[in-house]
Amino acid sequence: MLRWLRTLIPAIALVWMSCGIHAADDFAPLRAKMINDIADLTAETGRPAIDPRVLDAMDQVPRHQFVRPGEERDAYENRPLPIGYGQTISQPYIVALMTDLMRIKPTDVVLEVGTGSGYQAAILSTLARVVYTIEIIEPLGKVAQERLQRLAYKRVNTTVGDGYYGWEAHAPYDAIIVTAAASHVPPPLVRQLKPGGRIVIPVGAPFLTQYLLLITKANDGTVSTRQILPVSFVPLVGH
Ligand code: SAH
């Protein structure tokens, strides 16, 4: 009996492990294609190459786990997908570009406004020390929190609230990302940014022309703004 168990247990472990490896590998070719598409688009737009660490993060995070059941195979296409409540998971190229613009260091404390599916937060957490993310639609925030816990993204902290006001308790931040379009740059976010820090935010009228902005705060506190490119985001609501 004991000998029989001795052979059976390693055999079960082996089958179980290979299932796990197989599941991860299923989407690896699609992820690789997504990374290629991002690099191609970057070249087409004439923008500087995306930091390889950002592309590596996007190669690690299983994007198909952040979309609705049945849409896993579409997850790696370069377009946004619906996540419920009229909201979307941003397209891979925009996630890569915004993350790249943040210039995250491994010691950074990062704030995200607009948790949505939790995908952007997962990407940020592979690059930063800690990520705080805030979502205004409670059921979306809850689903994202459960998902991030299940996938063991331990460096992400979620909350439900109006991110226009930032998340004061953990400020100041090295970098802030807003993943919904605001009519203006929220002053509380500028206040919660460290000197030397960066905010990446789409600004413009809902469903009209919006621009991705890069806001930098110099060490003397001077704030400057650079327009990056036209984008299309769901609106930042609340406040
Ligand atoms: N970063 C997300 C994309 C989410 S789309 C992802 O990776 O999936 C933008 C999100 O911003 C939506 O979920 C929307 O509900 C949320 N949002 C809009 N206004 C907000 C506000 N004032 N505070 C926090 N979240 C907000």
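Bear in mind the structure is a predicted one, so any value in this text is a computation, not a measurement.

The rules we used
- Residues numbered from 1 in each chain as written.
- Predicted model: local features only at pLDDT ≥ 70, side-chain atom pairs only at ≥ 80, totals over all residues.
- Heavy atoms only, no water.
- Buried < 20%, exposed > 50% of the residue type's maximum accessible area, 1.4 Å probe, protein only.
- Helix = DSSP H or I, 4+ residues; strand = E, 2+ residues; numbered from the N terminus.
- Near = heavy atom within 4 Å.
- Polar contact = N/O pair within 3.5 Å; in protein donor to acceptor, adjacent residues only side chain to side chain.
- Nonpolar A, V, L, I, M, F, W, Y, C, P; charged D, E, K, R; others polar.
- Pairing = 2+ DSSP bridges.
- Axes fitted to C-alpha atoms, helices over the stretch in contact; angles between N-to-C directions.
- Parallel < 35°, antiparallel > 145°, perpendicular 65-115°, else oblique.
- Left-handed = near helix turned anticlockwise from the far one by under 90°.
- Contact = heavy atoms within 4.5 Å.
- Expected span 1.5 Å × (residues − 1).
- Arc of directions from axis to C-beta.

Remarks on helix α4 (residues 92-102)
Given 3.6 residues to a turn, an α-helix orients residues that are three or four positions apart in the same direction. Most of α4 sits out of view: eleven of its eleven residues are buried. Listed as buried for α4 are P92, Y93, I94, V95, A96, L97, M98, T99, D100, L101 and M102. Downstream of α4 by a residue or two, R103 has a phi angle that is positive, lying close to 50°.

A closer look at the site of the ligand
Within the structure, the ligand sits among 26 residues, and S117, E135, D162, G163 and V237 are positioned closest to it. The contact in question runs from an oxygen atom of the ligand to an N or O atom on the backbone of Q120, over 3.1 Å. Between the ligand and the protein, one listed contact pairs a nitrogen atom with a backbone N or O atom of I136 at 3.3 Å. It is strand β2 (residues 87-89) that provides the largest number of residues to the shell around the ligand, a total of three residues. Looking at the shell around the ligand residue by residue, the class counts come to twelve nonpolar, eleven polar and three charged.

Quick look at unusual backbone geometry
A cis amide bond links A171 with the next residue in sequence, P172, at an omega value of 5°. Mapped onto the secondary structure, P172 falls in the loop between β5 (156-160) and β6 (173-178). Of note, R103 is a non-glycine position whose phi angle comes to about 50°, a positive value. Looking at where R103 falls in the secondary structure, it is placed in the loop between α4 and β3 (109-113). Classification of R103 as partly exposed rests on a relative accessible area of 48%.

Points about the pairing of strand β7 (residues 193-204)
As paired elements, β6 and β7 share four bridges and run parallel to each other. Opposite I177, over in β7, you have V200 as the bridge partner. In this sheet, strand β8 (residues 210-217) lies alongside β7 in antiparallel orientation, the contact comprising seven bridges. Considered in β8, the bridge of P202 is made with L212. Joining the antiparallel neighbours β7 and β8 is a turn of five residues, in which F207 adopts a positive phi near 65°.

Examining the packing of helix α2 (residues 28-45) against helix α3 (residues 52-60)
With their axes 9 Å apart at the nearest point, α2 and α3 run at an angle of 150° to one another. Between α2 and α3, the angle is such that the two are roughly antiparallel. Classified by chirality, the crossing of α3 by α2 is right-handed. Where α2 abuts α3, its residues R31, A32, M34, I35 and I38 lie against L55, M58 and D59. For the contact of α2 with α3, the class distribution of residues is six nonpolar, no polar and two charged.

Brief notes about the packing of α2 against α4
Viewed as axis vectors pointing N to C, α2 and α4 meet at an angle of 70°, and their least axial separation amounts to 9 Å. Comparing the axis directions of α2 and α4 gives the class roughly perpendicular. Viewed along their axes, α2 and α4 form a crossing whose handedness is right-handed. Here α2 contributes M34, I38, L41, T42 and T45 to the contact with α4, which in turn contributes P92, Y93 and A96.

A short note on helix α6 (residues 138-150)
Taking 1.5 Å of rise per residue, the 13 residues of α6 would be expected to cover 18 Å, and the 18 Å separating its terminal C-alpha atoms lies within 8% of that figure. Listing the buried residues of α6 in full gives L140, G141, A144, R147 and L148. One side of α6 holds all its buried residues, which, seen down the axis, span an arc of 130°. Seen from the buried face of α6, the exposed residues on the opposite side, beyond 90 degrees, are E146, Q149 and R150.

Structural notes on the sheet that holds β3
On the basis of which strands lie adjacent, the open sheet formed by seven strands has the order β5-β4-β3-β6-β7-β8-β9 and mixed pairing. With partners counted over all chains shown, the strands left at the sheet margins are β5 and β9 (223-231), one partner each. On average, adjacent strands in this sheet sit at an angle of 15° to one another, irrespective of strand direction. Relative to β6, β3 runs parallel, the two sharing four bridges.

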